[in-house]
Amino acid sequence: RVFCETAQKIRLEKKIDLIHGFYVSGAGFLATIISKFCNTPLILSVRGNDISRDMYDYKKFYTIKWCLENAHSISCVNHKLKETISTVFGIRNNLAIIPNGIDSTALLLKRGFKKVKKDGRVNVSFIGVIKEKKGVQTLFEAISRSDKLQNKIKFTIIGDTTKKSSKDFYDNLCKKWKNVSVEK
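What you see is a predicted model; the values in this text were computed from it and never measured.

Give me the pairing of strand β1 (residues 19-22): which residues, what numbers.
Of the two faces of β1, the one holding I19 and G21 is buried and the one holding H20 and F22 is not buried anywhere. Pairing of β1 with strand β2 (residues 42-46) involves four bridges; the strand directions are parallel. Paired with G21 across the bridge in β2 is L44. Following the backbone out of β1, through helix α2 (residues 27-38) and into the adjacent parallel β2, one traces a crossover that is right-handed.

Can you break down a nonpolar patch on the surface residue by residue, with the values?
Judged by side-chain polarity, F29, L30 and W66 come together as a nonpolar surface patch covering roughly 240 Å² of accessible area. Within the secondary structure, F29 sits in helix α2. Note on F29: relative accessible area 31%, which makes it partly exposed.

Any details on the confidence of the model for the protein chain? Residues and values, ideally.
Averaged over all residues, the pLDDT of the protein chain equals 76, while 72% of them reach at least 70. For the stretch residues 109-114, pLDDT sits under 50, and the model shows two contacts to residues farther than four places along the chain or on other chains.

Before we move on, can you summarise the packing of α2 against helix α4 (residues 58-70) with the specific residues and values?
Running from N to C, α2 and α4 cross one another at 50 degrees; their axes reach a closest spacing of 10 Å. Taken as axis vectors, α2 and α4 run oblique relative to one another. As for the relative orientation of α2 and α4, their crossing is left-handed in sense. From α2, G28, F29, T32, I33 and K36 reach across to α4, where they touch T63, W66, C67 and N70. Residues belonging to the contact of α2 with α4 are distributed by class as follows: four nonpolar, four polar and one charged.

If you had to explain unusual backbone geometry to someone new, which residues and values would you point to?
One non-glycine residue, Y23, lies in the positive phi region at around 65 degrees. Inspection of the secondary structure assignment puts Y23 in the loop between β1 and α2. Notably, N94 is not glycine yet its phi reads approximately 60 degrees, a positive angle. On the secondary structure map, N94 appears in the loop between α5 (79-89) and β4 (95-97).

I'd like a rundown of the sheet that holds strand β3 (residues 73-76), residues and numbers included.
As summarised here, the arrangement of the four strands in space is β1-β2-β3-β4, forming an open sheet in which the pairing is parallel. For this open sheet the edge positions go to β1 and β4, each flanked by a neighbour on one side alone. On average, each strand axis in the sheet is inclined to that of its neighbour by 20 degrees, with strand direction left out of account. Contacts from α5 reach β2, β3 and β4 within the one sheet, and its direction differs from that of β4 by about 165 degrees.

Let's hear about the pattern of salt bridges: which residues, and what values?
Tallied over the full model, the rule gives three salt bridges. Residues D54 and R53 are paired through a salt bridge, measuring 3.1 Å at the closest nitrogen-oxygen approach. Between K65 and E69 there is a salt bridge, with the nearest N and O atoms lying 2.7 Å from each other. Of this pair, K65 and E69 are both found in helix α4, four residues apart, which corresponds to roughly one turn of the helix. Residue E69 is classed as partly exposed on the basis of its relative accessible area of 46%. Through salt bridges with shared partners, a single ionic network connects R53, D54 and K60.

About the thresholds
- Residues numbered from 1 in each chain as written.
- Predicted model: local features only at pLDDT ≥ 70, side-chain atom pairs only at ≥ 80, totals over all residues.
- Heavy atoms only, no water.
- Buried < 20%, exposed > 50% of the residue type's maximum accessible area, 1.4 Å probe, protein only.
- Helix = DSSP H or I, 4+ residues; strand = E, 2+ residues; numbered from the N terminus.
- Pairing = 2+ DSSP bridges.
- Right-handed = clockwise from strand over helix to strand, strands pointing away.
- Patch = residues over 30% accessible without salt bridge, like charges linked within 9 Å, V, L, I, M, F, W, Y side chains within 5 Å.
- Areas by Shrake-Rupley, 256 points an atom, 1.4 Å probe, with all protein chains shown as cover.
- Salt bridge = Lys/Arg side-chain N within 4 Å of Asp/Glu carboxyl O.
- pLDDT = per-residue confidence, 0-100.
- Contact = heavy atoms within 4.5 Å.
- Axes fitted to C-alpha atoms, helices over the stretch in contact; angles between N-to-C directions.
- Parallel < 35°, antiparallel > 145°, perpendicular 65-115°, else oblique.
- Left-handed = near helix turned anticlockwise from the far one by under 90°.
- Nonpolar A, V, L, I, M, F, W, Y, C, P; charged D, E, K, R; others polar.

Listed below in structure tokens is the structure:
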């Protein structure tokens, strides 16, 4: 109660017109409570594990459902999450896809970055936890299917492979696509 009263005081003093909660579990849950208490619109950003992992926990399922149902708008980082929210939770309105990523054209223009390195290859990097659901295998498959790309791309992975599942996935990735140049 004190938390919500403090949030209401801040909202009135700072004239907050919108609440944005990241992840449905945890911070998104608190954002939903504050949104309801303060009668302030809520955008809920769904990131991944909060749906793909937490929806299988019976203790979290209905909390997630309540948060999603009470959000004024929901952003998802990919089509799969949007589809899951629609199918599993029955929410079809006010869903938007805003992918994680970087506008590489902005970086190229601002930093004077050269697309092709001295050896004639393009350096493509993946930064993050090495998991199948991150989709890095799709990029490997695309590179391996194109004769034009196979020897023209140097793929750098910057991420954690210490967990057994991540290490196994990474090892299988490198075995399956031997023709893709990978630096770790």
